[in-house]
Amino acid sequence: PKLHDLFLQEKRTPVLKTDWSPLAGKTVIVWPDHDDAGAQYADTVIAHLHTLAGTSVRRVSIPQDKPAKWDAADALADGTDVAALIAAAQPVVATP
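Residues numbered from 1 in each chain as written. Predicted model: local features only at pLDDT ≥ 70, side-chain atom pairs only at ≥ 80, totals over all residues. Heavy atoms only, no water.

Draft legend 1. Expanded view of the confidence of the model for the protein. With 88% of its residues at a pLDDT of 70 or more, the protein has an overall mean of 86. Throughout residues 1–6 the model reports pLDDT below 50, and contacts reaching past four residues in sequence, or to other chains, amount to 1 contact. (pLDDT = per-residue confidence, 0-100. Contact = heavy atoms within 4.5 Å.)

Structure representation (structure tokens):
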């Protein structure tokens, strides 16, 4: 897949106070931090993204050997194969 846009969002930013409309109709890849707070925030973001018309969502699975709070910035810094993680991101189906 070709990466057109990089969208960074901190888990401190309230989901409902963010304008997500530019992502409508796009495929969005969510990369959570490797901790409970990051996973919960990703779940909230994914649920909201599913309300946007035509948006498909994929989620990066964090390798279990990574330390707590590890995120995309850490992946770039430690030489992780970021393209492989993004390519392996799993589709997330909206739940009713």
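Draft legend 2. Representation of the pairing of strand β2 (residues 56–59). Residues V57 and R59 line the buried face of β2, whereas the alternating positions S56 and R58 sit on a face that is not buried. In terms of strand pairing, strand β1 (residues 27–30) meets β2 through 4 bridges, oriented parallel. Directly across from V30, in β2, lies its bridge partner R59. With helix α1 (residues 36–49) bridging β1 and the parallel β2, this β-α-β connection has right-handed handedness. When β2 meets strand β3 (residues 90–92), the two strands line up antiparallel, connected through 3 bridges. Paired with R59 across the two strands is Q90, which belongs to β3. (Buried < 20%, exposed > 50% of the residue type's maximum accessible area, 1.4 Å probe, protein only. Helix = DSSP H or I, 4+ residues; strand = E, 2+ residues; numbered from the N terminus. Pairing = 2+ DSSP bridges. Right-handed = clockwise from strand over helix to strand, strands pointing away.)

Draft legend 3. Local environment of the sheet that holds β1. If you trace the 3 strands from one edge of the open sheet to the other, you get β1-β2-β3, paired in mixed fashion. Both outer strands of the open sheet, β1 and β3, are each paired with one neighbouring strand and no more. Sheet twist, expressed as the average angle between the axes of neighbouring strands with direction ignored, equals 35 degrees. The strands touched by α1 within the sheet are β1, β2 and β3, with β2 carrying the most contacts at an inclination of about 165 degrees. (Axes fitted to C-alpha atoms, helices over the stretch in contact; angles between N-to-C directions.)

Draft legend 4. Spatial organisation of the pattern of salt bridges. Overall, the coordinates contain 3 salt bridges when judged by the stated rule. D35 is the salt-bridge partner of K69, the closest N and O atoms lying 3.5 Å from each other. Linking K69 in the loop between β2 and α2 (72–78) with D35 in the loop between β1 and α1, this pair joins segments that are 34 residues apart in sequence. Classification of K69 by relative accessible area gives exposed; the value is 54%. A salt bridge links R59 to D43, with the shortest nitrogen-to-oxygen separation between them at 2.6 Å. Separated by 16 residues along the polypeptide, R59 in strand β2 and D43 in helix α1 bring together distant segments of the chain. On the basis of relative accessibility, which here comes to 42%, the residue D43 falls in the partly exposed class. (Salt bridge = Lys/Arg side-chain N within 4 Å of Asp/Glu carboxyl O.)

Draft legend 5. Inspection of the environment of V28 at higher detail. If you trace the backbone, V28 turns up in strand β1. Overall, V28 belongs to the buried group, its relative accessible area being 11%. Taking the C-alpha atoms as reference points, V28 and L49, separated by 21 residues in sequence, lie 8.2 Å from one another. Residues contacting V28, with those up to four places away along its chain left out, are L23, L49, T55, S56, V57 and R58.

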